[in-house]
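# Structural features, examined
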Amino acid sequence: MPSWRRPKRGPGFDDGLMGVALLAGPANVIMELARPGVGYGVMESRVESGRADRHPVKRARTTFTYLAVATRGSEEQKKAYRRAVNKSHAQVYSTPDSPVQYNAFDKDLQLWVAACLYKGGVDIARVFIGEADDETADRQYREAMALATTLQVPAEMWPPDRAAFDRYWQEQLDKVHIDDTIREYLYPFAVSRIRGVRLPGQQALERFNLLITTGFLPQRFRDEMQLEWNADMQRKFDRLMARIRFVNNLAPRFIREFPFNLLLRDLDRRIRTGRPLV
């Protein structure tokens, strides 16, 4: 049976939440790039085709495929995708003119990105399912290690349990900082604005997207992005998520797993035909 048809739980949320996980995508980008080494590494990337500000659709496909491979892919798919990502990462490193020093092969920064992805998955599950019991949460945490080890992070760097992860997360928050340059770069992600595209009702759409993005951000990251949040906005966010949860529960499984189910199928096709994977 093709790997894309084999359902498997992903870290932090089950297959039925794969589709709605996209709602938290912009918030997760902000969290990842809140570490200056990641933020400037992405913003100054020499990999033109992978720049999120210039090629958002392609960048989204690459990111979502990584999530699909790390959480549901076969070992063969993981190896192929790791090679492709490494090739791109080889071009991402700071120069003497960069405000901060960074390298895409920095295991500490890669661990931070993986931790953000896991944290985002847990937050999605909390919104759409509720708190997991300890046994489920522990299993999902062990599975989440693949988010790190699919790249260069050795298994021993992944915090050994959820309590250790919580300590790691709190320690890393001290390293979070979004300056004016990165904040300006990230704001279009917060409102899901596509460069060069103007839609009818653009401002209303951006306010709607900003509510979702800000709702999924922990308060520390809202503060760094200088995004307003209050009790009324929280109530609006909660009501909106309740409606989406109701619709998602009624949707067929294929829809609830979209686009991750198709991304693995596309990856197999790209490997088979020799097309670029990232």
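Structure: see above.
Below is a summary of the structure that appears in this document. (Residues numbered from 1 in each chain as written. Predicted model: local features only at pLDDT ≥ 70, side-chain atom pairs only at ≥ 80, totals over all residues. Heavy atoms only, no water.)

### Quick notes on the overall build of the chain
From N to C terminus, the chain includes 14 helices and zero strands. Here the chain displays about 14200 Å² of accessible surface, and carbon together with sulfur accounts for 55% of that area. (Helix = DSSP H or I, 4+ residues; strand = E, 2+ residues; numbered from the N terminus. Areas by Shrake-Rupley, 256 points an atom, 1.4 Å probe, with all protein chains shown as cover.)

### Points about the packing of aromatic side chains
Inspection of every chain in the model, using the stated rule, returns 14 aromatic pairs. Between Tyr118 and Trp158 the ring centres are 6.2 Å apart and the planes differ by 85 degrees, which places this aromatic pair in the edge-to-face class. You can see Tyr118 sitting in helix H5 (residues 107-128) and its partner Trp158 sitting in the loop between helix H7 (146-149) and helix H8 (162-173), a full 40 residues away along the chain. Trp158 carries the same exposure label as Tyr118, and that label is buried. Ring centres 5.2 Å apart and planes at 85 degrees place the aromatic pair Phe216 and Phe237 in the edge-to-face group. Of the two residues, Phe216 is situated in helix H10 (residues 202-216) and Phe237 in helix H12 (residues 231-250); the sequence distance between them amounts to 21 residues. Members of the aromatic cluster, each reached through a chain of ring pairs, are Trp112, Tyr118, Tyr141, Trp158, Phe165, Tyr168, Trp169 and Phe221. (Phe/Tyr/Trp six-rings, centres within 6.5 Å; stacked < 30°, edge-to-face > 60°. Buried < 20%, exposed > 50% of the residue type's maximum accessible area, 1.4 Å probe, protein only.)

### Comments concerning unusual backbone geometry
One non-glycine residue, Gln226, lies in positive phi territory at about 60 degrees. By secondary structure assignment, the location of Gln226 is in the loop between helix H11 (219-225) and H12. Taking the relative accessible area as the measure of exposure, Gln226 reaches 58% and is therefore exposed.

### Here we look at the nonpolar core
One finds Leu147, Trp158, Trp169, Leu186, Phe216 and Phe221 to be the most contacted residues of the largest nonpolar core, which totals 68 residues. Broken down by element, the residue count for this core peaks at 10 residues, all from H5. When sequence neighbours within four positions are dropped, the list of residues in contact with Trp158 reads Leu111, Ala114, Ala115, Tyr118, Tyr141, Ala144, Met145, Ala148 and Phe165. (Core = buried A, V, L, I, M, F, W, Y, C linked by side-chain atoms within 4.5 Å. Contact = heavy atoms within 4.5 Å.)

### Examining the packing of helix H2 (residues 36-43) against helix H9 (residues 180-190)
Look at H2 against H9: their axes get within 11 Å of each other, and the N-to-C directions meet at 60 degrees. With respect to each other, H2 and H9 are oriented oblique. In this structure, H2 crosses over H9, and the sense of that crossing is left-handed. Only Thr181, Ile182 and Tyr185 of H9 make contact with H2, whose side of the interface consists of Gly39, Tyr40, Val42 and Met43. Taken together, the residues of the contact of H2 with H9 sort by class into five nonpolar, two polar and no charged. (Axes fitted to C-alpha atoms, helices over the stretch in contact; angles between N-to-C directions. Parallel < 35°, antiparallel > 145°, perpendicular 65-115°, else oblique. Left-handed = near helix turned anticlockwise from the far one by under 90°. Nonpolar A, V, L, I, M, F, W, Y, C, P; charged D, E, K, R; others polar.)

### Description of the pattern of salt bridges
Inspection of the entire model under this criterion finds 13 salt bridges. Here Lys119 ties to Asp123 by a salt bridge, and the two come within 3.3 Å at their closest N and O atoms. Residue Lys119 and its partner Asp123 are located together in helix H5, separated by four residues, close to a single helical turn. Here Arg269 ties to Asp266 by a salt bridge, and the two come within 2.4 Å at their closest N and O atoms. Placement of both Arg269 and Asp266 in helix H14 (residues 260-273) is noted, with a separation of three residues, approximately one turn of the helix. (Salt bridge = Lys/Arg side-chain N within 4 Å of Asp/Glu carboxyl O.)

### Remarks on the side chain of Gln172
Assignment of secondary structure puts Gln172 in helix H8. At a separation of 2.7 Å, a polar atom in the side chain of Gln172 contacts the side chain of Arg35. If we ignore the near neighbours within four places in the chain, the residues touching Gln172 are Arg35 and Trp112. (Polar contact = N/O pair within 3.5 Å; in protein donor to acceptor, adjacent residues only side chain to side chain.)

### A short note on the side chain of Asp266
Judged by relative accessible area, Asp266 falls into the buried class, the value being 15%. Polar contacts involving the side chain of Asp266 include one to the side chain of Arg269, which spans 2.4 Å.

### Some words on H12
Between its first and last C-alpha, H12 extends 29 Å over 20 residues, near the 28 Å set by a 1.5 Å rise per residue. Along H12, the residues that are buried comprise Met233, Phe237, Leu240, Met241 and Asn248. Angularly, the buried residues of H12 cover 105 degrees about the axis, an arc narrow enough to put them on a single face. In H12, the exposed residues that point more than 90 degrees away from the buried face are Arg243, Phe246, Asn249 and Leu250. As for H12, its buried residues are in contact with H5, H10 and helix H13 (253-257). For H12, the side-chain oxygen to backbone nitrogen distance between the N-cap and Asp232 is 3.2 Å, and the N-cap itself is Asn230. (Expected span 1.5 Å × (residues − 1). Arc of directions from axis to C-beta.)

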